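Residues per chain are reported as follows:
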Amino acid sequence: SAIPGNLIAMGLALLCAGGVYACCMRGGMQPVTCAFFTLFVSMGSNVFWMSTSDGVWFLAQVCALGFAFWGLFFAQGGNAVQDAAASLCMALAVGCRPFYALLLACWLGWQFYQRSLKRILPALLPAVVMAACMMAYNFARFGSVTEFGHNYLPEFVRAENGQFSLTYLVPNLLQLLRPVTLDAQGQLHFEIYNGFLFFAANPLFLLAMVRGLLLRLPGHQAEVQVSVPLPSAGWFVAAMCLLMTCLTCMHRTLGGWQFGARYMVDLFPWLFVWFLGRPKW
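It should be emphasised that the depicted structure is a prediction, and the values quoted were computed from it without experimental measurement.

## Description of the overall build of the protein chain
So, step 1. For the protein chain, the count of helices and strands is 13 helices and two strands.
So, step 2. For 281 residues, the compact-globule estimate of 2.2 N^0.38 gives 19 Å, and the protein chain sits close to it at 19 Å.
So, step 3. Principal axes of the C-alpha set define a box for the protein chain whose edges measure 55 × 50 × 40 Å.
So, step 4. Here the protein chain holds 281 residues, and the buried ones make up 46% of them.
So, step 5. Put simply, 70% of the contacts in the protein chain that link residues at least 6 apart link residues at least 24 apart.
So, step 6. About 14400 Å² of surface is accessible on the protein chain, with carbon and sulfur atoms providing 71% of the total.
So, step 7. In the protein chain, which carries 14 positive and 9 negative side-chain charges, the distance between the mean positions of the two groups comes to 13 Å.

## Re unusual backbone geometry
So, step 1. A positive phi angle is found at Asn194, which is not glycine, with a value near 65°.
So, step 2. Relative to the elements of secondary structure, Asn194 occurs in the loop between strand 2 (188–189) and helix 10 (198–201).

## Digging into the packing of helix 4 (residues 56–75) against helix 13 (residues 268–276)
So, step 1. Their axes nearest at 10 Å, the elements helix 4 and helix 13 cross at an angle of 25°. Of the possible angle classes, the one that applies to helix 4 and helix 13 is roughly parallel. The chirality of how helix 4 crosses helix 13 is right-handed. For the pair helix 4 and helix 13, contact is made by Leu65, Ala68, Phe69 and Leu72 and by Phe268, Pro269, Phe272 and Val273, respectively.
So, step 2. A class-by-class count of the residues in the contact of helix 4 with helix 13 yields eight nonpolar, no polar and no charged.

## Topic: a nonpolar patch on the surface
So, step 1. Where nonpolar side chains cluster on the molecular surface, the patch consists of Leu182, Leu188, Phe190, Ile192, Tyr193, Trp257 and Phe259 and spans about 760 Å² of accessible area.
So, step 2. When its relative accessible area of 48% is taken as the criterion, Tyr193 is described as partly exposed.

## Thoughts on the nonpolar core
So, step 1. Grouped together as the largest cluster of nonpolar side chains are 70 residues, with contacts concentrated most on Phe37, Trp107, Leu204, Phe268, Trp270 and Phe275.
So, step 2. Tallying contributions element by element places helix 4 first for this core, with nine residues.
So, step 3. With residues up to four places along the chain from it excluded, the contact list for Phe268 reads Val41, Ser45, Leu65, Phe69, Asn202, Leu204 and Phe205.

## A word on the layout of surface pockets
So, step 1. Of the voids in this model, the largest pocket is the one considered here, and its volume is about 1200 Å³.
So, step 2. Lining the largest pocket are 43 residues, with Gly95, Cys96, Pro98, Phe148 and His150 positioned closest to its centre.
So, step 3. Looking at the lining of the largest pocket, the elements that each hand over two or more residues are helix 4, helix 5 (80–96), helix 6 (101–114), helix 7 (117–142) and helix 8 (154–157).
So, step 4. Here the lining of the largest pocket is composed, by residue class, of 27 nonpolar, eleven polar and five charged.

## Re the packing of aromatic side chains
So, step 1. This model, assessed by the stated rule, comprises 22 aromatic pairs.
So, step 2. Among the aromatic side chains, those forming a connected cluster through ring pairs are Phe36, Phe37, Phe40, Phe69, Phe272, Trp274 and Phe275.
So, step 3. It is Arg26 that lies over the ring of Phe73; its NZ or CZ is 4.0 Å from the centre.

## Side note on the confidence of the model for the protein chain
So, step 1. Per-residue pLDDT for the protein chain averages 90, and the proportion of residues at 70 or more is 94%.
So, step 2. Mean pLDDT values over the elements of the protein chain span from 67, in helix 8, up to 96, in helix 4.

## Comments concerning the pattern of salt bridges
So, step 1. Counting across every chain of the model gives two salt bridges.
So, step 2. For Arg97, the salt bridge identified is with Asp266, shortest N-O distance 2.7 Å. With Arg97 in the loop between helix 5 and helix 6 and Asp266 in the loop between helix 12 (234–249) and helix 13, this pair connects stretches of sequence that are 169 residues apart.
So, step 3. For Arg97, a relative accessible area of 17% puts it in the buried group.
So, step 4. Close ionic contact of Arg178 with Glu191 constitutes a salt bridge, the shortest N to O distance being 3.5 Å.

## Some points on the environment of Lys280
So, step 1. Looking at where Lys280 falls in the secondary structure, it is placed in the segment after helix 13.
So, step 2. The spatial distance from the C-alpha of Lys280 to the C-alpha of Gly27 is 10 Å, given a sequence separation of 253 residues.

## Some thoughts on the environment of His150
So, step 1. As for its placement among the helices and strands, His150 is situated in the loop between helix 7 and helix 8.
So, step 2. Judged by its relative accessible area of 18%, His150 falls in the buried class.
So, step 3. Measuring from C-alpha to C-alpha, the distance between His150 and Gln163 comes to 8.0 Å, with 13 residues separating the pair along the chain.

## Some thoughts on helix 13
An α-helix turns once per 3.6 residues; consequently, residues spaced three or four apart project the same way.
So, step 1. Burial within helix 13 is extensive, with nine of its nine residues counted as buried.
So, step 2. Those residues of helix 13 not exposed but buried are Phe268, Pro269, Trp270, Leu271, Phe272, Val273, Trp274, Phe275 and Leu276.
So, step 3. Here the buried face of helix 13 lies against helix 1 (5–26), helix 2 (31–42), helix 4, helix 6, helix 11 (204–215) and helix 12.

What counts and what doesn't
- Residues numbered from 1 in each chain as written.
- Predicted model: local features only at pLDDT ≥ 70, side-chain atom pairs only at ≥ 80, totals over all residues.
- Heavy atoms only, no water.
- Helix = DSSP H or I, 4+ residues; strand = E, 2+ residues; numbered from the N terminus.
- Rg over C-alpha atoms; globule rule 2.2 N^0.38 Å.
- Buried < 20%, exposed > 50% of the residue type's maximum accessible area, 1.4 Å probe, protein only.
- Contact = heavy atoms within 4.5 Å.
- Areas by Shrake-Rupley, 256 points an atom, 1.4 Å probe, with all protein chains shown as cover.
- Lys, Arg positive; Asp, Glu negative; His and termini not counted.
- Charge placed at Lys NZ, Arg CZ, Asp CG, Glu CD.
- Axes fitted to C-alpha atoms, helices over the stretch in contact; angles between N-to-C directions.
- Parallel < 35°, antiparallel > 145°, perpendicular 65-115°, else oblique.
- Left-handed = near helix turned anticlockwise from the far one by under 90°.
- Nonpolar A, V, L, I, M, F, W, Y, C, P; charged D, E, K, R; others polar.
- Patch = residues over 30% accessible without salt bridge, like charges linked within 9 Å, V, L, I, M, F, W, Y side chains within 5 Å.
- Salt bridge = Lys/Arg side-chain N within 4 Å of Asp/Glu carboxyl O.
- Core = buried A, V, L, I, M, F, W, Y, C linked by side-chain atoms within 4.5 Å.
- 1 Å grid on protein atoms, 1.4 Å probe; cavity = no way out; pocket = protein on both sides within 12 Å on 5 of 7 lines; lining within 4 Å.
- Points joined across faces, edges and corners; volume = space filled by probe spheres on them.
- Phe/Tyr/Trp six-rings, centres within 6.5 Å; stacked < 30°, edge-to-face > 60°.
- Lys NZ or Arg CZ within 6 Å of the ring centre and 35° of its normal.
- pLDDT = per-residue confidence, 0-100.

What follows is the structure in structure tokens.
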């Protein structure tokens, strides 16, 4: 029987959008601001494009982003049950997209810094259990706890430098800056393989950059940061985004065929950590 893959993809994108709205609402933003950010993520980014296809990589990426946002939502709760739910969600995000391990590790580290060991156990145990389950599955299927199937794909078997290499870094970074062009007939031309200008495809980055610059203008009143489940200092968030981008660009491809720069949506939770620390705007 046929599986309604596109309907599933749309449903997952809606759950992701719900996570964005809930996360913003719990962070103290006004309803109109919550709706604004929800639309920015769900319809104004590569999430919208990925929600139209049931390709396995797209489903995994939308799932990872949704789990990450619901993880941030629960992490804002501050009690043991919600810490456990946040830990589970973030661990599931790692199962979908391994680079989300950075978000999980930073959250756990921040919990350890702010609390006693006894109080962080609810935040630690679900992630440990989920990691053990995923490693056991990988070992049973591939004979290695760290292998999850990518290295068996023909494109990586044939790759001279393997799946990850520093040789891919600079070429991939340049591909994220490829412009959208306009020909003599007024026709727009988009690169459809391995991405194009990342902040044109995902303008949430442009919004964050413009907002960050405005905060530094002379005479602009400093905003009071509120408590968020991760460090929200601008330099820290920028460093995490840069690290994630470099790690991503060390991959052999930037997502293959696509409209936009889909790998860059993995950075959205970090941008929201920054926005959540400055909700009154």
